[in-house]
Every structure is written in structure tokens, then in C-alpha cells.
Amino acid sequence: MNNSVINVAIDGPGGAGKSTSARAAAKAMGYIYVDTGALYRAVGVNALRKNIDTKDKAAVAASLDGISVDLVFENGEQKVLLNGENVSFEIRTPPASMAASDVSAVPEVRAFLFDLQRDIASRNNCIMDGRDIGTVVLPDAQVKIFLTASAEERAQRRYKELQAKGSTVSFQSVLDELIERDYNDSHREIAPLKPAEDSVLLDTTGVSLEKQVEKIISIIKEKVQ
Ligand code: DC
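As a starting point, this report considers the structure included with it. (Residues numbered from 1 in each chain as written. Predicted model: local features only at pLDDT ≥ 70, side-chain atom pairs only at ≥ 80, totals over all residues. Heavy atoms only, no water.)

### A look at the sheet that holds strand β8 (residues 200–203)
Threshold: Pairing between two strands is assigned when DSSP locates at least 2 bridges connecting them. Secondary structure elements are defined from DSSP: runs of H or I of at least 4 residues count as helices, runs of E of at least 2 residues count as strands, and each element is numbered from the N terminus. Here an axis means a line fitted to C-alpha atoms, over the contact stretch when the element is a helix, while the angle between two N-to-C directions is reported on a 0 to 180 degree scale. By definition in these notes, contact holds between two residues if any of their heavy atoms fall within 4.5 Å.
Spatially, β2-β6-β1-β7-β8 is the arrangement adopted by the five strands of the open sheet, whose pairing is parallel. Lying at the two open borders of the sheet, with one neighbouring strand each, are β2 (32–35) and β8. Neighbour-to-neighbour, the strand axes of the sheet open up by a mean angle of 20 degrees, direction not taken into account. Examined bridge by bridge, strand β1 (residues 7–11) and strand β7 (residues 143–148) share four bridges and lie parallel to one another. Within the sheet, the bridge partner assigned to Val 8 lies in β7 and is Val 143. On the sheet, helix α9 (residues 209–224) packs against β1, β6 (126–130), β7 and β8 and is oriented at approximately 160 degrees with respect to β7.

### Focus: helix α4 (residues 94–103)
Rules: Any residue under 20% of the maximum accessible area for its type is buried, any over 50% is exposed, and the rest in between are partly exposed; the area is computed with a 1.4 Å probe on protein chains only.
Of all the ten residues making up α4, eight are buried; the element is thus mostly covered by neighbouring parts of the structure. Among the residues of α4, those classed as buried are Ala 96, Ser 97, Met 98, Ala 99, Ala 100, Ser 101, Asp 102 and Val 103. Buried residues along α4 sit against α2 (37–49), α3 (57–62), α5 (107–123) and α8 (171–187).

### As for the pairing of strand β4 (residues 77–82)
Strand direction decides the pairing type here: strand β3 (residues 69–74) and β4, joined by six bridges, are antiparallel. Considered in β4, the bridge of Phe 73 is made with Gln 78. Hairpin connection between β3 and β4: a loop of two residues separates the two successive antiparallel strands, and Asn 75 in this loop has a positive phi of roughly 50 degrees. The antiparallel pairing of β4 with strand β5 (residues 85–86) creates a hairpin that spans two residues between the two strands, and Asn 83 there sits at a positive phi of about 50 degrees.

### Quick look at the pattern of salt bridges
For the record, the criterion: Salt bridges are identified by distance alone: a Lys or Arg side-chain nitrogen within 4 Å of an Asp or Glu carboxyl oxygen.
Applying the stated criterion across every chain, the model contains 15 salt bridges. A salt bridge links Asp 35 to Arg 92, with the nearest nitrogen and oxygen atoms 2.8 Å apart. With Asp 35 in strand β2 and Arg 92 in the loop between β5 and α4, this pair connects stretches of sequence that are 57 residues apart. Exposure remark for Asp 35: the relative accessible area of 9% places this residue in the buried category. For Glu 214, the salt bridge is made with Lys 211, and the minimal N-O distance between the two is 3.8 Å. With Glu 214 and Lys 211 both in helix α9 and three residues apart, the pair spans about one turn of that helix. Beyond isolated ion pairs, a larger network of salt bridges with shared partners links Arg 49, Glu 85 and Glu 90.

### Let's talk about the packing of α2 against α5
Convention followed: Angles below 35 degrees are treated as roughly parallel, those above 145 as roughly antiparallel, those between 65 and 115 as roughly perpendicular, and all remaining angles as oblique. In this scheme the handedness of a crossing depends on how the near helix is turned from the far one: anticlockwise by less than a right angle means left-handed, clockwise means right-handed. In the scheme used here, Gly and all other residues not listed as nonpolar or charged are polar, with Ala, Val, Leu, Ile, Met, Phe, Trp, Tyr, Cys and Pro taken as nonpolar and Asp, Glu, Lys and Arg as charged.
Direction vectors running N to C along α2 and α5 enclose 140 degrees, while the axes themselves pass 11 Å from each other. Relative to α5, the element α2 lies oblique. By crossing handedness, the relation of α2 to α5 is classed as right-handed. On α5, the residues touching Leu 39, Tyr 40 and Val 43 of α2 are Val 109, Arg 110, Leu 113, Leu 116 and Gln 117. Here the contact of α2 with α5 is composed, by residue class, of six nonpolar, one polar and one charged.

### A closer look at the environment of Ser 186
Using the following cut-off: Contacts described as polar in this section are N or O atom pairs within 3.5 Å, which, within protein, must combine one atom able to donate a hydrogen with one able to accept it, while residues neighboring in sequence count only if both atoms come from side chains.
Within the secondary structure, Ser 186 sits in helix α8. Exposure remark for Ser 186: the relative accessible area of 31% places this residue in the partly exposed category. Residues contacting Ser 186, with those up to four places away along its chain left out, are Pro 192 and Leu 193. Within the structure, Ser 186 has its side chain in polar contact with the backbone oxygen of Asp 182 (distance 2.6 Å).

### Points about the packing of α4 against α8
Between α4 and α8, the least distance of the axes is 9 Å, while the angle of their chain directions is 20 degrees. Accordingly, the angle class assigned to the pair α4 and α8 is roughly parallel. Here the hand of the crossing between α4 and α8 comes out left-handed. Across from Pro 94, Ser 97, Met 98, Ser 101 and Asp 102 in α4, the residues of α8 making contact are Glu 177, Glu 180, Arg 181, Asn 184 and Asp 185. Among the residues forming the contact of α4 with α8, the class breakdown is two nonpolar, three polar and five charged.

Dropping the structure here:
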């Protein structure tokens, strides 16, 4: 890793508040925020568009042939491009979430997205969030945080977000899906979700977003200043 850049790895299960708090902390620190889940979501959307069974690992691996996935940053905001098309909104639907979790268990998909993540981190002060950032993608990151919260609270946050977008899904289906994704993400053979040994654990159950951001910033400052 280029020693002149600062890399902060934030990992944790879906709905723990990683993206909202990491984005705000990155803004406050003047770093870029990199949401790596968006990359897996773009691969998932590509598979859905091609009507591929996302549980079929060989078919998912074959679906990578000839595709391009890129991240671009405009005014500090990340956009994800699939074959040059901005799919930043399409990747946020519940089917795209499940497809992302499925495709992320495919070794070829992880290998396909690895260099892109490493390359961005080598060139920018950044906060990168995902599932395996502190353990696999950036094992030398100066700061590693594992952010979590109870499943009920995480489902509640997701449910409110979806309701605000006009979705009519039930709380129970959001909770069930979240538990299924947690299970998939932490039990897959390759790069499973788990805290890096040298990570700081941050449980955000009952913690306001403002306090989460303050805490993340103070952990970063303590480690790098
Ligand atoms: O963070 P998210 O919910 O947008 O991630 C979508 C899926 O992608 C998630 O179920 C697990 C997977 N993922 C991963 O395996 N590794 C990462 N670094 C980021 C996400």
C-alpha cells in the first residue's frame, strides 16, 4: 500500500449503518467514501437482467464475460457503472440485494472486483465499506472498524428506508431477508463476513447516527493523527 494514503476499512452486516455513517465521516475527514456493496449489486443486476439463476455459481461466473463494472466519483459521491450505464438506483431494490448476496459467494466475482477496490484505495484517502475490507481487500488499512447492530434494529432501519421510498413490503419480510443475507454473507467459504482481528468493534444498537459518525471520526483520529 502507498504509505502516504490513509485507508479506513469498515465492515459489518447489512443495515448496521455502515454506508450512512461512513459517508458522513468521510465527508468530515475530506476522504472519499467507497461503497463496495454497490459493485456486488451491479454484478447481481447484470445477472438478473440476463435471467441467470443467481444461485448457479457457474452461470454467475460465466455472466462476467465481457462486462465492465466501474466506480466514478463526482463531488465526492460514488456512482456505479455497469457497462458504462449508471445503475446506482437499480442496484437498491430488494431483488438486487438478494442477487448481490448470492453473486458475492462466487470466487470469480470476488476476484473480478478485487483489483478495482485495491486500486481506488491505493490512490485515495478513503473510507471503504463492505464485508471483507479489513480482512481481505485492505489487510494493511491503518484503521479497521467492525460495525454491527441487532438484527431487529437493522431490519427496522431498512424497513423505514423502504417505506420512505413508497415500498409496501412487510417488516417481517425485511427481517427474514436480512437474516437470510446475514447467514449467506457470514457462512460462505470465501471471504466470509467476520471482524478482522485488529478491528475496533462498534455496536450501533440504540446509537443515533450523529453519535455513530462522531465515534467513527474519533477512532480514525486516534489511529492516524
Ligand atoms: O453492503 P451491501 O448490502 O450493499 O452489500 C450487498 C451484498 O454484497 C451483501 O449481501 C454482501 C456482498 N458484499 C460482499 O460480499 N463483500 C463486500 N465487500 C461488500 C458487499
